[in-house]
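These are the residues of each chain, in order.
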Amino acid sequence: MCVIARSKNLLGPYEPCPHNLILTNIGKNLPIKAIGHVDFLEDQTGKWWAVALGNRPLGYPFRHNMGRETMLVSVQWDENGWPTVGEKGTVLPTMETESTLTLFQPSKYIPGMNVSDHFNGDVLHPSWNYIYMPLDDCISLIGKSLQLRGNAVKLSEDKPKAWLGRRQEHFFFSAEAEFYFSPTQNEEEVGLSIYMNPGHHYEIVMTRLNDENCVIVRRRIGSLSAVEAKIPIDTERFLLRIDGDQEWYRFFYAPYEGKMKQIGMGEAAYLTTEVGGCFTGTILRYFPVVMEKIALT
């Protein structure tokens with residue numbers, strides 16, 4: 001929730017707004033929860049706006065897996081100089097306004113848009129994120145490909161690792177990547193992960209176990225970790241995919257130019273703030289784990 005007060009002196013006394021709370025979704029039975037942390041801004045045309053944080057729970061009991069997201073709402077000032085924020089003091093999934101935000105120039109990246117990245121530019125697309133500080137030379141754009149140089153750090157370790165991710169922005173999504181990789185030692189791996197934090201993540205991985213190359217689906221929930229599916233493969237070029245909805249993450253594998261096959265799934269509820277304790281949300285990510293530095297293209 002948010003309240004406001006004003007004063008002509010920084011040290012007060014302060015006068016509270018007569019219609020506080022100025023913004024809250026508490027008790028409204030709305031799909032957006034936990035509204036707060038409001039900031040005001042005025043655009044170049046004199047229109048006023050507010051940005052706030054909120055979350056979109058998966059269902060009841062309320063659990064959210066996409067972190068606290070930024071919400072944009074309009075602001076009107078009454079004749080007494082007090083603000084009315086959003087739709088009668090609430091944030092709805094969709095709201096109409098007579099104004100258009102014009103303060104910033106349009107970006108090449110619009111959150112929520114479909115992105116197909118062939119890594120053929122000089123810099124990474126703005127939708128990509130690192131974790132910790134990037135390792136030297138661990139992420140490179142070479143030709144028309146992304147090259148990751150891994151180290152012997154597992155996903156469950158709270159240490160710098162070769163890691164490139166994009167935030168989950170929708171309940172319903174499909175994320176697919178093409179890999180070229182051949183492990184040379186047992187437990188070297190590369191794959192796609194849906195990642196909350198070191199203790200809560202699922203992944204589909206191409207690896208080498210007991211001297212056999214295979215694709216596995218592995219899930220970690222707190223101190224519990226298990227390989228829940230395993231199929232042998234004999235190719236160095238392959239596709240991996242993760243599909244998501246409000247209840248499940250599903251994991252798919254295909255040899256290059258082959259047909260996708262689902263080989264595992266995991267509940268979305270276990271990768272939420274209420275379970276994992278991390279409020280920044282889940283990230284879809286590329287990663288390699290290798291015993292010596294080698295390249296993944």
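Visitor: I tried to follow the overall build of the chain on my own but got confused; where do I start?
Guide: The secondary structure content of the chain amounts to one helix and 19 strands. With the C-alpha coordinates of the chain rotated into their principal frame, the extents come out at 75 × 40 × 40 Å. Counting all 297 residues of the chain, 44% fall into the buried class. Across the chain, the fraction of contacts at a sequence separation of at least 24, relative to all contacts at a separation of at least 6, is 57%. For the chain, the exposed area adds up to about 16,500 Å²; of that, 52% sits on carbon and sulfur atoms. Between the centroid of the 29 positive side chains of the chain and the centroid of its 35 negative side chains there is a distance of 2 Å.

Visitor: Where do I start with the confidence of the model for the chain in this structure?
Guide: Residues shown with low pLDDT carry predicted positions that ought not to be read at fine detail. Overall, the predicted model of the chain reaches an average pLDDT of 88, with 92% of residues at or above 70. Across the chain, the element-wise mean pLDDT spans from 40 in strand β19 (residues 295–296) up to 98 in strand β2 (residues 15–16).

Visitor: Looking at this structure, how should I read the packing of aromatic side chains?
Guide: Taken as a whole and judged by the stated rule, the model has twelve aromatic pairs. Arranged with centres 5.4 Å apart and planes meeting at 80°, the rings of Trp 48 and Trp 77 form a pair that is edge-to-face. Here the residue Trp 48 occupies a position in strand β4 (residues 48–55), and Trp 77 occupies one in strand β5 (residues 69–77), the gap between them amounting to 29 residues. On the accessibility criterion, Trp 77 (37% relative accessible area) is partly exposed. The cationic tip of Arg 219 hangs over the ring face of Tyr 202; the distance from NZ or CZ to the ring centre is 5.1 Å.

Visitor: Please clarify how the sheet that holds strand β14 (residues 224–232) should be interpreted in this entry.
Guide: Adjacent strands of a sheet form backbone hydrogen bonds with each other and so pair up, either parallel or antiparallel. Spatial strand order, β9-β18-β11-β12-β13-β14: six strands in an open sheet with antiparallel pairing. Here the strands that pair on one side only, and so sit at the sheet edges, are β9 (164–167) and β14. Each adjacent strand pair in this sheet contributes to an overall mean axis angle of 20°, direction not counted. Pairing between strand β12 (residues 200–209) and strand β13 (residues 212–221): ten bridges, direction antiparallel. When the sheet's bridge partners are listed, Val 205 is paired in β13 with Ile 216.

Visitor: Even after reading the chapter, I still don't get the pairing of β14, so can you show me in this structure?
Guide: Walk down a regular strand and you will see the side chains alternate between the two sheet faces. The pairing of β13 with β14 spans eight bridges and is antiparallel. Note that in β14 the partner of Ile 221 across the bridge is Leu 224.

Visitor: Whenever I open this one, the pattern of salt bridges confuses me. Can you help?
Guide: Across all of its chains, the model carries 13 salt bridges by this definition. For Arg 241, the salt bridge is made with Asp 243, and the minimal N-O distance between the two is 3.0 Å. Each member of the pair Arg 241 and Asp 243 is classed as buried. Sharing partners across several salt bridges, the network here consists of Glu 189, Glu 203 and Arg 218.

Visitor: How do you make sense of the environment of Met 71 when you look at a structure like this?
Guide: Mapped onto the elements of the fold, Met 71 is located in strand β5. Given the relative accessible area of 12%, Met 71 is considered buried. Counting along the chain gives 20 residues from Met 71 to Val 91, while the straight-line C-alpha distance between them is 7.8 Å. With sequence-adjacent residues up to four places away left out, Met 71 is seen in contact with Ile 32, Ile 35, Ala 50, Val 51, Ala 52, Gly 54, Asn 55 and Val 91.

What counts as what
- Residues numbered from 1 in each chain as written.
- Predicted model: local features only at pLDDT ≥ 70, side-chain atom pairs only at ≥ 80, totals over all residues.
- Heavy atoms only, no water.
- Helix = DSSP H or I, 4+ residues; strand = E, 2+ residues; numbered from the N terminus.
- Buried < 20%, exposed > 50% of the residue type's maximum accessible area, 1.4 Å probe, protein only.
- Contact = heavy atoms within 4.5 Å.
- Areas by Shrake-Rupley, 256 points an atom, 1.4 Å probe, with all protein chains shown as cover.
- Lys, Arg positive; Asp, Glu negative; His and termini not counted.
- Charge placed at Lys NZ, Arg CZ, Asp CG, Glu CD.
- pLDDT = per-residue confidence, 0-100.
- Phe/Tyr/Trp six-rings, centres within 6.5 Å; stacked < 30°, edge-to-face > 60°.
- Lys NZ or Arg CZ within 6 Å of the ring centre and 35° of its normal.
- Pairing = 2+ DSSP bridges.
- Axes fitted to C-alpha atoms, helices over the stretch in contact; angles between N-to-C directions.
- Salt bridge = Lys/Arg side-chain N within 4 Å of Asp/Glu carboxyl O.

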